[in-house]
Every structure is written in structure tokens, then in C-alpha cells.
Amino acid sequence: MSSTVTVRPAKGVGVIGLLSVIAGIVMIIAGGVTWGVVSSQLSAEDITVSDDASFLAGAHVSGPFSAYAQAEVINKHALEMSDGQTYAELPQDDERRATVMNASFLRASLFTSVVAFGVAALVIGLGIMFILIGIALRRIASGPAVAVETPGGYTSGGGLSSAAPPAHTPAHAAPAAPVTPAPTTPTTPAPTTPPVTPPTRTSTHAAPVEEPKSPGVPTTQVPPVVEPKSPGVPPTGTDTPPATPPAEGTAPR
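Residues numbered from 1 in each chain as written. Predicted model: local features only at pLDDT ≥ 70, side-chain atom pairs only at ≥ 80, totals over all residues. Heavy atoms only, no water.

Caption draft 1: Broad picture of the overall build of the protein. Assigned secondary structure in the protein consists of three helices and two strands. Secondary structure elements in the protein, listed N-terminal to C-terminal, are β-α-α-α-β. With 253 residues in all, the protein has 17% of them scored as buried. Restricting to contacts in the protein with at least 6 residues of sequence separation, those with at least 24 account for 58%. Accessible area of the protein: about 19,400 Å², with a carbon and sulfur share of 64%. (Helix = DSSP H or I, 4+ residues; strand = E, 2+ residues; numbered from the N terminus. Buried < 20%, exposed > 50% of the residue type's maximum accessible area, 1.4 Å probe, protein only. Contact = heavy atoms within 4.5 Å. Areas by Shrake-Rupley, 256 points an atom, 1.4 Å probe, with all protein chains shown as cover.)

Shown next as C-alpha cells:
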């Protein structure tokens, strides 16, 4: 049996998209203002790229490329004047040292403007990306809910479960007879009872009879039974009974 799951966008996605759009607009404005200020300050200096520059010769310095071209020309002229020596390599009493130092300061100022142009361009580019991301998030947040139908036997808790769907049993199939396990009777070993030997009656004069010893069975010593002697009664046992006296009138044989 299948089930339907409705997927709705998160509530905070629209707010994040709006904040991203606002941040992108602010960054574009800040980068544009920085670019304009640096460009106006360079234009106010009224600098023109020298004619012997490798590129942009004769151009008005008001942007990053023209400023870089003029900085390279200044370095070229300074090295030609100092015979290829930099400011640190010239002796302190050399008159050309001050001219080379001024050339270094001009190059550093032009390179600073080039870096400022680069930072402004980077901020403007990031602002555009923030705006695009914010618009995409806003569209996702404003989209309709999507109904997803899942097959039977699966759950919608973030992914499909690995459980297999239950098997269907046909209606005409006979139920299986329950299997009754056979009762098991615990087997208890019979206790081993040693054989009991009955006591043997012996006479007073008879020696005690020793019973044969069986392996593993302790031998029980039975003391001899002594019967009391009664007057006129002969003791029983293995003794020979006394002879009967002959009757009167009968001759002994």
C-alpha cells in the first residue's frame, strides 16, 4: 500500500534569501563608491602615460590599467638615470638618490590605486553573487508544496527503508497445521546400591567365614553371632549332636 508525503520548503529559507539580496546590494554600492573615489582622485592629478610606455601610451591615468602602465614607465626612467641602481644601491652622497626616491614614491602611490581598484572589483563581484543566491533562495521558499508518493513497505523518514514488502497469502490456501513437539522424558540414572550380604550364623567354635570381595564394593565384616547357652539345649551350628542313649531293653548294636 503506497503513501503520499508532502514536502514543503523550510520557513527560514525566504528570510535568508532576502538578507543575501540586501547584503549583495550593499556590497555593490560600496565597491562602486570605492572605484569612483579612486578614479576621480587619479583624474584630478592629470597624469598622462608616457609615449615610451609598453602599452596605453598617451592615455589619461584614471583606471587600474593606465595607472599600472605609468608606474612601469616611472621605474624604467629611474633605472636609466641611476645606471640600473635602485635607491638602496646608490651611495648616500649621490645627488641622484633624491630623484630615485621620488620615483619610488610615485610608483608606490600608483600601485596603491591599482590595489584599491582590485578590491573594489572583488566586492562588486561578490555582491552580484550574493544577489543571485538570494533570488534563488527566495524562489525555493515561494514554491508550492510537492507531494511525493512512496511505495508500500517503505517509510518517509528521510530515505527509503530496506524492509521488503509483506508477502500476500492467497485466500484459498489452507492454514498450516501446528507442529507439536514430542514430549521429552528426562532420563535419571538409577542409583547404584551396593549389595547387602546377610549375616551368617556360626557356632562358637566355627571360624568366621570371609565373603569374597567384589571389585568396587566395600567388604562388610560381620561379627560372629554367639548364642547363649541354655541348660540342656545343645548349641546349634556345625557341631556334631550328642549320641542318643539306647532305650532300655535294647541291646546296643
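Caption draft 2: Layout of the environment of tyrosine 68. Following the sequence through the fold, tyrosine 68 ends up in helix α2 (residues 64–81). Separated by 45 residues in sequence, tyrosine 68 and serine 113 place their C-alpha atoms 8.9 Å apart. For tyrosine 68, the residues in contact, after removing those within four places along its chain, are Phe55, Phe111 and Val114.

Caption draft 3: Fine view of the packing of aromatic side chains. Inspection of the entire model under this criterion finds three aromatic pairs. Arranged with centres 4.7 Å apart and planes meeting at 65 degrees, the rings of tryptophan 35 and phenylalanine 117 form a pair that is edge-to-face. Of this pair, tryptophan 35 sits in helix α1 (residues 12–45) while phenylalanine 117 sits in helix α3 (residues 96–141), and the two are 82 residues apart along the sequence. Joined through ring pairs, the aromatic side chains of Phe55, Tyr68 and Phe111 make up one cluster. Over the ring of tyrosine 87 we find arginine 97; its NZ or CZ atom is 4.1 Å from the centre of that ring. (Phe/Tyr/Trp six-rings, centres within 6.5 Å; stacked < 30°, edge-to-face > 60°. Lys NZ or Arg CZ within 6 Å of the ring centre and 35° of its normal.)

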